[in-house]
Amino acid sequence: QVQLVESGGGLVQPGGSLRLSCAASGFTFSIAAMAWYRQAPGKQREAVAFISSSGGATSTVDSVKGRFTISRDNAKNTVYLQMNSLKPEDTAVYYCKTTYPTPRGLNEHWGQGTQVTVSS
């Protein structure tokens, strides 16, 4: 059974930092691409950051470039999102997503999300 469990969210002041973690189980983590998405109240879910299965390729959306860093530890089956210089507009529920190959094609799963609130 595939599970993605996010943690590390919370309330932080503008300019602060948080590190989100997503612990994965139930599939072969080392062949899975991973991504972080977020959804603010009243807005559509948007992609924030992506990392390839090996960790050799990453990308981030322009609005977080230079502030957020995605990384992974395949030995721990965990993907991270380091968020620095947080702004109120970063407030959202952050979701972890996996995409991995199977003999029948690509599978995709989502975590339950973790709330990040940036406010003074």
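Everything numeric in this text was worked out from a predicted model, so none of it was measured.

What to know about the overall build of the protein
And step 1. Helix and strand counts for the protein stand at 0 helices and 11 strands.
And step 2. For the protein, the N- to C-terminal ordering of α and β elements is β-β-β-β-β-β-β-β-β-β-β.
And step 3. Computed over C-alpha atoms, the radius of gyration of the protein comes to 14 Å, within 12% of the 14 Å expected from 2.2 N^0.38 for 120 residues, which places it in the range of a compact globule.
And step 4. In terms of principal-axis extent, the alpha carbons of the protein reach across some 50 × 30 × 25 Å.
And step 5. If you take every contact in the protein between residues at least 6 apart in sequence, the share linking residues at least 24 apart comes to 54%.
And step 6. For the protein, the accessible surface area stands at approximately 6400 Å², while carbon and sulfur atoms represent 47% of it.
And step 7. Placing the 11 positive and 7 negative side-chain charges of the protein at their respective mean positions leaves the two points 3 Å apart.

So, the sheet that holds strand β3 (residues 18-25)
And step 1. Taken in spatial order, the 4 strands make up an open sheet running β1-β3-β8-β7, and their pairing is antiparallel. Where the open sheet ends on each side, the last strands, each with one partner, are β1 (3-7) and β7 (68-73). On average, adjacent strands in this sheet sit at an angle of 15° to one another, irrespective of strand direction.

Describing the side chain of arginine 67
And step 1. Along the polypeptide, arginine 67 turns up in the loop between β6 (58-60) and β7.
And step 2. Arginine 67 gets classed as buried once you look at its relative accessible area, which sits at 9%.
And step 3. Within the local environment of arginine 67, its side chain forms a polar contact with the backbone oxygen of serine 63, the two atoms lying 3.0 Å apart.
And step 4. Polar contacts involving the side chain of arginine 67 include one to the side chain of aspartate 90, which spans 2.7 Å.
And step 5. Discounting chain neighbours no more than four positions away, the residues touching arginine 67 are Gln82, Met83, Asn84, Ser85, Leu86, Lys87 and Asp90.

Considerations on the pattern of salt bridges
And step 1. Counted according to the given criterion, the structure contains 4 salt bridges.
And step 2. Among the ionic pairs, arginine 67 bridges to aspartate 90, the shortest N-O distance being 2.7 Å. Separated by 23 residues along the polypeptide, arginine 67 in the loop between β6 and β7 and aspartate 90 in the loop between β8 (78-83) and β9 (92-102) bring together distant segments of the chain. Exposure class is identical for arginine 67 and aspartate 90. Each is buried.
And step 3. Two residues, glutamate 108 and lysine 97, come together in a salt bridge whose shortest N-O distance is 3.4 Å. Pair noted here: glutamate 108 is in strand β10 (residues 105-110) and lysine 97 is in strand β9, with a separation of 11 residues, a long-range link.
And step 4. A relative accessible area of 47% places glutamate 108 in the partly exposed class.
And step 5. Taking relative accessible area as the criterion, lysine 97 reaches 11% and is therefore assigned buried.

A closer look at unusual backbone geometry
And step 1. Phi is positive for asparagine 77, which is not a glycine, with a value near 55°.
And step 2. Here asparagine 77 lies in the loop between β7 and β8.
And step 3. Despite not being glycine, serine 85 shows a phi value in the positive range, around 50°.
And step 4. Tracing the backbone through its elements, the reader meets serine 85 in the loop between β8 and β9.

About the thresholds
Residues numbered from 1 in each chain as written. Predicted model: local features only at pLDDT ≥ 70, side-chain atom pairs only at ≥ 80, totals over all residues. Heavy atoms only, no water. Helix = DSSP H or I, 4+ residues; strand = E, 2+ residues; numbered from the N terminus. Rg over C-alpha atoms; globule rule 2.2 N^0.38 Å. Contact = heavy atoms within 4.5 Å. Areas by Shrake-Rupley, 256 points an atom, 1.4 Å probe, with all protein chains shown as cover. Lys, Arg positive; Asp, Glu negative; His and termini not counted. Charge placed at Lys NZ, Arg CZ, Asp CG, Glu CD. Pairing = 2+ DSSP bridges. Axes fitted to C-alpha atoms, helices over the stretch in contact; angles between N-to-C directions. Buried < 20%, exposed > 50% of the residue type's maximum accessible area, 1.4 Å probe, protein only. Polar contact = N/O pair within 3.5 Å; in protein donor to acceptor, adjacent residues only side chain to side chain. Salt bridge = Lys/Arg side-chain N within 4 Å of Asp/Glu carboxyl O.

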